[in-house]
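# Close look at the chain arrangement
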Amino acid sequence: MQHHAWFAESRFGMFVHWGLYSLAARHEWVKNRERLTDEDYQRYFDHFDPDLYDPAQWARLAKEAGMRYIVLTTKHHDGFCLWDSAQTDYKATRTPWGKDLIAPFVEAVRAEGLKVGFYHSLIDWHHPEFPVDSFHPQRDDEAYKAAAAGRDVSKYADYLHAQVRELLTGYGRIDYLFFDFSYRGRPGTWSGKGADDWRSEELLAMVRELQPEVIVNDRLDIPGDFVTPEQYQPAGPMVVDGREVPWEACQTLNGSWGYDRDNLDYKSPDLLVRMLVDSVAKGGNLLLNVGPDGRGQIDPRARGTLADIGAWMRVNSRSIYGCGPSGFAAPPDCRYTQRGDRLYLHLFAWPFGHLHLPGLAGRVKYAQFLHDASEIRTRVIDPGQQAGLTTMGAVAPDVLTLDLPVQRPDV
Ligand code: FHN
């Protein structure tokens, strides 16, 4: 298992889902959900020309939001490749755009001092040897399934390995890999064996050889360097074989990974900040997704949400970067994050009256929160020592951070 201090130090990254589905503007699974044939979906290929593609702006938005790494879909389930792969013509360089999209992305991310991450789909609805399984767009088309019956998944695995090799040898150092998605426990998948289909052990060995420093997630259906629970917040630190392991929650802004124009179900900035705090309090990272539109733009609502999160991070990022769970038990509706002897109290609900901080007896008796205009100040009633205080700048009054110097509990 590869560990990297940068991952725990970062705690917060940007996920970018971008491809042909972004032109449809109706979710990245549009081909599956609407049972589109390759011919139907070809329209998006024939019109792919993202004239407003500006990865430098993506990287700036991520950095200003306090994100420390960016992960881009090199290929999603539809099989469309953002780079000039020698393995296929189903790629950006054969569309009206005509150029590689990965190199400018990598260059822009590095220019902002951020880490480079690639997402790569294990399933591929376009490849002629990928089996028609319960997630394939033509799964209900009996004639198509009959014609596709002789597919050989090992030939697809050869293609998969060759493309991963291209990505890991063509763009310098890659810091992070997110393979997707796990067949583990998913009914109706091809063999359901996942790792056997992808030849995961062989693929991971190649990844380690080509990029010795890269960290890889756990969706090859074999152990990786970090665990990726899908769009939910675990109940606590994640433990595998008796050991706490690095993990990363991933979340959308509005329930869709790809650009979904009519989906206005955006999560509020303070909910997303609470998801970030909750992840860190449980020893995890948060990978927050944006879905640029078909022209390559990140939409104004997403930009506004990122700016609000950035406003909170500018004041409170020291309670996030490099922090993790505390040995102290947080009060109700609160989270603790801790780094060394600094304990950060995050309130997810307004503390009517006094808030008693169990476990800190003798250090801090209780904290009184005074709401003073746009800022919330704290006054910690502290018998024994001066508690470091942060002026409470927050996106919303109920996500406050109190910076307390405490010795590590005797855990
Ligand atoms: O099917 C994908 C989905 O489109 C998206 O890419 C997410 C991101 O974690 N992963 C899969 C669902 O688990």
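Predicted, not measured: the structure shown is a model, and the values here were computed from it.

### Structural notes on the packing of aromatic side chains
Under the counting rule described, the total for this entry stands at 30 aromatic pairs. For the pair Trp 18 and Tyr 53, a centre-to-centre distance of 4.8 Å together with 20° between the ring planes defines the contact as stacked. Here the residue Trp 18 occupies a position in the loop between strand 1 (12-16) and helix 2 (21-24), and Tyr 53 occupies one in the loop between helix 4 (38-46) and helix 5 (55-64), the gap between them amounting to 35 residues. Accessibility classification places Trp 18 together with Tyr 53 in one group, the buried group. A centroid spacing of 5.2 Å and a plane angle of 70° characterise the contact between Phe 48 and Phe 80, whose relative ring orientation is edge-to-face. In this pair, Phe 48 is assigned in the loop between helix 4 and helix 5 and Phe 80 in the loop between strand 2 (69-75) and helix 6 (102-111), connecting sequence segments 32 residues apart.

### Looking at the site of the ligand
With respect to spatial proximity, 15 residues lie near the ligand, and among them His 17, Glu 28, Trp 29, His 77 and Asp 180 are the closest. Here Glu 28 contributes a side-chain N or O atom positioned 2.5 Å from an oxygen atom of the ligand. Take Tyr 119: an N or O atom from its side chain is 3.4 Å from an oxygen atom of the ligand. Protein chains bury 93% of the 330 Å² of accessible surface belonging to the ligand in isolation.

### A closer look at the packing of helix 8 (residues 153-169) against helix 10 (residues 200-210)
Direction vectors running N to C along helix 8 and helix 10 enclose 15°, while the axes themselves pass 10 Å from each other. Classified by the interaxial angle, the pair formed by helix 8 and helix 10 is roughly parallel. The hand of the helix 8/helix 10 crossing is right-handed. Between helix 8 and helix 10, the residues in contact are Leu 160, His 161, Val 164, Arg 165, Leu 168 and Thr 169 and Glu 202, Leu 203, Met 206, Val 207 and Leu 210, respectively. The class makeup of the residues in the contact of helix 8 with helix 10 is seven nonpolar, two polar and two charged.

### Concerning the environment of Leu 276
Along the polypeptide, Leu 276 turns up in helix 11 (residues 269-281). Classification of Leu 276 by relative accessible area gives buried; the value is 1%. Expressed as a C-alpha distance, the spacing of Leu 276 and Ile 309, which sit 33 residues apart in the sequence, is 9.9 Å. Sequence-distant contacts of Leu 276, defined by excluding residues within four places in its chain, comprise Arg 11, Phe 12, Leu 286, Met 313 and Ile 320.

### Describing the pairing of strand 2
Among the seven residues that make up strand 2, seven are buried, leaving the element largely enclosed by the rest of the structure. Relative to strand 3 (residues 115-121), strand 2 is paired through six bridges, and the arrangement is parallel. Opposite Leu 72, over in strand 3, you have Phe 118 as the bridge partner. Chirality of the crossover, the property in question, places the unit of strand 2, helix 6 and strand 3 among those that are right-handed.

### Things to note about the UniProt feature "site: May be important for catalysis" (unreviewed entry) in the protein chain
Under the UniProt annotation, "site: May be important for catalysis" (unreviewed entry) lies at Cys 250. Tracing the backbone through its elements, the reader meets Cys 250 in strand 8 (residues 247-251). Residue classification places Cys 250 among the buried residues on the basis of a relative accessible area of 1%.

### Comments concerning unusual backbone geometry
Here Asp 180 and Phe 181 are connected by a cis peptide whose omega angle stands at -10°. Along the chain, Phe 181 turns up in the loop between strand 4 (176-180) and helix 9 (195-198). A positive phi angle, near 95°, is found at His 27, a position not held by glycine. Relative to the elements of secondary structure, His 27 occurs in the loop between helix 2 and helix 3 (30-33). One non-glycine residue, Asp 221, lies in positive phi territory at about 65°. By the element assignment, Asp 221 lies in the loop between strand 5 (215-216) and strand 6 (239-240). Its relative accessible area of 16% is what places Asp 221 among the buried residues.

Conventions adopted
Residues numbered from 1 in each chain as written. Predicted model: local features only at pLDDT ≥ 70, side-chain atom pairs only at ≥ 80, totals over all residues. Heavy atoms only, no water. Phe/Tyr/Trp six-rings, centres within 6.5 Å; stacked < 30°, edge-to-face > 60°. Helix = DSSP H or I, 4+ residues; strand = E, 2+ residues; numbered from the N terminus. Buried < 20%, exposed > 50% of the residue type's maximum accessible area, 1.4 Å probe, protein only. Near = heavy atom within 4 Å. Polar contact = N/O pair within 3.5 Å; in protein donor to acceptor, adjacent residues only side chain to side chain. Areas by Shrake-Rupley, 256 points an atom, 1.4 Å probe, with all protein chains shown as cover. Axes fitted to C-alpha atoms, helices over the stretch in contact; angles between N-to-C directions. Parallel < 35°, antiparallel > 145°, perpendicular 65-115°, else oblique. Left-handed = near helix turned anticlockwise from the far one by under 90°. Contact = heavy atoms within 4.5 Å. Nonpolar A, V, L, I, M, F, W, Y, C, P; charged D, E, K, R; others polar. Pairing = 2+ DSSP bridges. Right-handed = clockwise from strand over helix to strand, strands pointing away. UniProt positions renumbered as here; feature names shortened; annotations may be inferred.

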